[in-house]
Amino acid sequence: MANVTIDHVTKSYGALQVMHGVSLDIRDGEFVILVGPSGCGKSTLLRMIAGLEPISTGAVSIGGRVVNDVRPKDRNIAMVFQSYALYPHKTVAQNMGFALKLAGRPQSEIDARVRSAAEILDLLPYLDRFPKQLSGGQRQRVAMGRAIVRSPQVFLFDEPLSNLDAKLRVQMRTEIKALHQRLKTTTIYVTHDQVEAMTMADRIVIMNAGRLEQVGPPLELYDDPQSLFVAGFLGSPSMNFFKGRVEGELVKTRGGLQFALTPDLVQAAAGKSLIVGIRPEHVELAADVADAWEATVVVDEPTGAETQVALKLSGEDLLATFRERLTVKAGDTIKIRLPANRLYLFDETSGRRIAKEQSN
Ligand code: ADP
Ligand code: MG
């Protein structure tokens, strides 16, 4: 096992710079997920750690050793990709043991390590099968088995579940997490799927256009996003946003919503173009309380466990998620509250969060 340090790493393709001074410390045994929209640089960063892509400036260290000039096969890492081509004419055992065979390990050692990996991955009954005789999930496990048999110091995963159907993805998510809990090998995992990131990671690294937006444990990023980008990226359905300004002690949105602010926030936000955010699950059904708003139902979508309702509120669109069973139809009006302590304020120009106005 090993820690991984990324120190002011940049990457340019010719004149095009795609990575802008990324620094990150990954602890020994940690499960870190790099997440962000397509093209933000996740694969590039992972490939630089793997040694498959040269680093333009900066340094990558694995286990305290700078590996910039170390060949991939000497970095003691193992990588699992989205498209994990297995050798079709080799058995599961031969596929899993192939790297060890190339490395000239004795057959008895290869057999032992393949069996041990197969046991961890529940592949023992399939060792003599060929890839075409396996299900998609079993093939994915063989691809992971190829990585495990090498007992690397670091696992690198690049969207390994993207090709699987939804149900299998959820199952493999649990399996990979259980595998990490068992092996405790430092793992860096790339995905564009925020649910995967939220459910699997010890820490999430949110990337945006070749930079790190925010790094932290999943729920910390969810509860305390430091930018509009992070607030909008995590959460499904995503946070509601309204444009607004401070007037007196209130923040007023374009559509006419208004909220009282604490004096420190009034001061921090005064004069700025603001974005006001509230998560759908923080909208509350209200009886006749003084600060209730009347909203018109546009669409209601019961999912069983909860009800998602698209609302029109004083000219603004608002999506709300209620745990309560709610029988409403388009055109109905309902009373809701937007609790002031659940509001997030962002500077529209910089996209940065303004102070902290939210509690649990
Ligand atoms: P992600 O994995 O987050 O989707 P990538 O790391 O693949 O993103 O790409 C990051 C950026 O680098 C993108 O803008 C992409 O177009 C660019 N890029 C990746 N590989 C190359 C390459 N070989 N040549 C030029 N640009 C590249
Ligand atoms: Mg990628």
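Residues numbered from 1 in each chain as written. Chains lettered and ligands numbered in written order. Predicted model: local features only at pLDDT ≥ 70, side-chain atom pairs only at ≥ 80, totals over all residues. Heavy atoms only, no water.

**Student:** Help me out: how do you make sense of the side chain of Glu159 in this one?
**Tutor:** Note that Glu159 resides in the loop between strand E7 (154-158) and helix H5 (166-183). One buried charged residue, Glu159, remains without a salt bridge, the closest side chain of opposite sign being Lys42 at 4.4 Å. Sequence-distant contacts of Glu159, defined by excluding residues within four places in its chain, comprise Lys42, Gln82, Val190, Thr191 and His192. (Helix = DSSP H or I, 4+ residues; strand = E, 2+ residues; numbered from the N terminus. Buried < 20%, exposed > 50% of the residue type's maximum accessible area, 1.4 Å probe, protein only. Lys, Arg positive; Asp, Glu negative; His and termini not counted. Salt bridge = Lys/Arg side-chain N within 4 Å of Asp/Glu carboxyl O. Contact = heavy atoms within 4.5 Å.)

**Student:** Please clarify how the pairing of E7 should be interpreted in this entry.
**Tutor:** Across a regular strand the side chains alternate sides, sitting on one face of the sheet and then on the other. In terms of burial, E7 is largely enclosed, as five of its five residues are buried. Every second residue of E7 is oriented toward a common face, with Val154, Leu156 and Asp158 on one face and Phe155 and Phe157 on the other, all of them buried. Two strands pair when backbone bridges link them, and strand E6 (residues 77-80) and E7 are joined in this way by four bridges, in the parallel orientation. Across the sheet, the residue bridging to Ile77 is Val154, located in E7. Sheet topology places E7 next to strand E8 (residues 186-191); five bridges connect them, and they run parallel. Residue pairing across strands places Asp158 opposite Val190, the latter belonging to E8. With respect to chirality, the unit in which E7 leads through H5 into the neighbouring parallel E8 is right-handed. (Pairing = 2+ DSSP bridges. Right-handed = clockwise from strand over helix to strand, strands pointing away.)

**Student:** When you look at the nonpolar core in this model, what are you seeing that I'm missing?
**Tutor:** Inside soluble globular proteins, nonpolar side chains tend to come together where they are buried. Formed by 45 residues in total, the largest nonpolar core has its most connected members in Ile33, Met96, Met144, Ile176, Tyr189 and Ile206. For Ile206, the residues in contact, after removing those within four places along its chain, are Val35, Arg211, Leu212, Glu213, Gln214, Leu221, Phe229, Val230, Phe233 and Leu234. (Core = buried A, V, L, I, M, F, W, Y, C linked by side-chain atoms within 4.5 Å.)

**Student:** In this structure, what is going on with the packing of helix H2 (residues 92-102) against helix H3 (residues 107-120)? I would like to understand it.
**Tutor:** The description of two packed helices rests on the angle between their axes and on the distance between the axes. The N-to-C vectors of H2 and H3 enclose an angle of 130 degrees; their axes lie 9 Å apart at closest approach. By the criterion of interaxial angle, the relationship of H2 to H3 is oblique. By crossing handedness, the relation of H2 to H3 is classed as right-handed. Touching Ala93, Met96, Gly97, Leu100 and Lys101 of H2 are Ile110, Arg113, Val114, Ala117 and Ala118, all from H3. Across the contact of H2 with H3, the residue classes tally to seven nonpolar, one polar and two charged. (Axes fitted to C-alpha atoms, helices over the stretch in contact; angles between N-to-C directions. Parallel < 35°, antiparallel > 145°, perpendicular 65-115°, else oblique. Left-handed = near helix turned anticlockwise from the far one by under 90°. Nonpolar A, V, L, I, M, F, W, Y, C, P; charged D, E, K, R; others polar.)

**Student:** Would you mind going over the packing of aromatic side chains with me for this structure?
**Tutor:** To describe a pair of aromatic rings, you give the distance between the ring centres and the angle between the ring planes. For the structure on display, the rule yields seven aromatic pairs. Geometrically, the ring pair formed by Phe157 and Tyr189 is tilted, given 5.5 Å between the ring centres and 40 degrees between the ring planes. Of this pair, Phe157 sits in strand E7 while Tyr189 sits in strand E8, and the two are 32 residues apart along the sequence. Of the two residues, Phe157 and Tyr189, neither departs from the other in class, the shared state being buried. On the numbers, 6.0 Å between centres and 10 degrees between planes, the contact of Phe229 with Phe233 is stacked. Of this pair, Phe229 and Phe233 both sit in helix H8 (residues 228-233), separated by four residues, roughly a single helical turn. Ring pairing ties together the aromatic residues Phe31, Phe155, Phe157 and Tyr189, which thus form one cluster. Positioned above the aromatic ring of Tyr87 is the side chain of Lys90, whose terminal nitrogen or guanidinium carbon lies 5.4 Å from the ring centre. Seen from the ring of Tyr222, Arg279 lies directly overhead, with NZ or CZ sitting 3.7 Å from the centre. (Phe/Tyr/Trp six-rings, centres within 6.5 Å; stacked < 30°, edge-to-face > 60°. Lys NZ or Arg CZ within 6 Å of the ring centre and 35° of its normal.)

**Student:** Would you mind going over the site of ligand 1 with me for this structure?
**Tutor:** The local shell around ligand 1 consists of Tyr13, Val18, Pro37, Ser38, Gly39, Cys40, Gly41, Lys42, Ser43 and Thr44. Within the contact set of ligand 1, an oxygen atom lies 2.9 Å away from a side-chain nitrogen or oxygen of Lys42. For ligand 1, whose free accessible area comes to 570 Å², the fraction covered by protein is 57%. Along the lines of polarity and charge, the residues of the shell around ligand 1 split into four nonpolar, five polar and one charged. (Near = heavy atom within 4 Å. Polar contact = N/O pair within 3.5 Å; in protein donor to acceptor, adjacent residues only side chain to side chain. Areas by Shrake-Rupley, 256 points an atom, 1.4 Å probe, with all protein chains shown as cover.)

**Student:** Mind showing me how you'd approach the pairing of strand E2 (residues 16-26) here?
**Tutor:** With seven bridges connecting them, strand E1 (residues 4-13) and E2 associate as antiparallel partners. Residue pairing in the sheet places Val9 in a bridge with Val22 of E2. The loop that links E1 with its antiparallel partner E2 comprises two residues; one of these, Gly14, has a positive phi angle of about 60 degrees.

**Student:** How should I be thinking about helix H4 (residues 136-148) in this particular structure?
**Tutor:** An α-helix turns once per 3.6 residues; consequently, residues spaced three or four apart project the same way. With 13 residues, H4 ought to run about 18 Å at 1.5 Å a step, and its terminal C-alpha atoms sit 18 Å apart, in line with that. For H4, the complete set of buried residues consists of Gly137, Gln138, Gln140, Arg141, Val142, Ala143, Met144, Gly145, Ala147 and Ile148. Contacts from the buried residues of H4 go to E6, H2, H3, E7 and H5. (Expected span 1.5 Å × (residues − 1).)

**Student:** Is there a simple way to explain the domain arrangement of the chain in this structure?
**Tutor:** How big an interface is tends to be stated in terms of the accessible area lost upon association of its parts. Partitioning the chain into domains gives domain 1 (4-232) and domain 2 (238-359). A C-alpha centroid distance of 38 Å is found between domain 1 and domain 2. Facing the 10 residues of domain 1 at the interface are 13 residues of domain 2. Both sides of the domain 1 and domain 2 interface together cover about 1,100 Å² of buried area, and 47% of this is carbon and sulfur. Area buried by domain 1 at its contact with domain 2 is led by Tyr222, Leu228 and Ala231, which between them contribute 48% of it. At the boundary of domain 1 with domain 2, the tally comes to one salt bridge. Among the ionic pairs, Arg353 bridges to Asp224, the shortest N-O distance being 3.0 Å. (Domains from an automatic or database assignment. Buried area = accessible area lost by both parts, 1.4 Å probe.)

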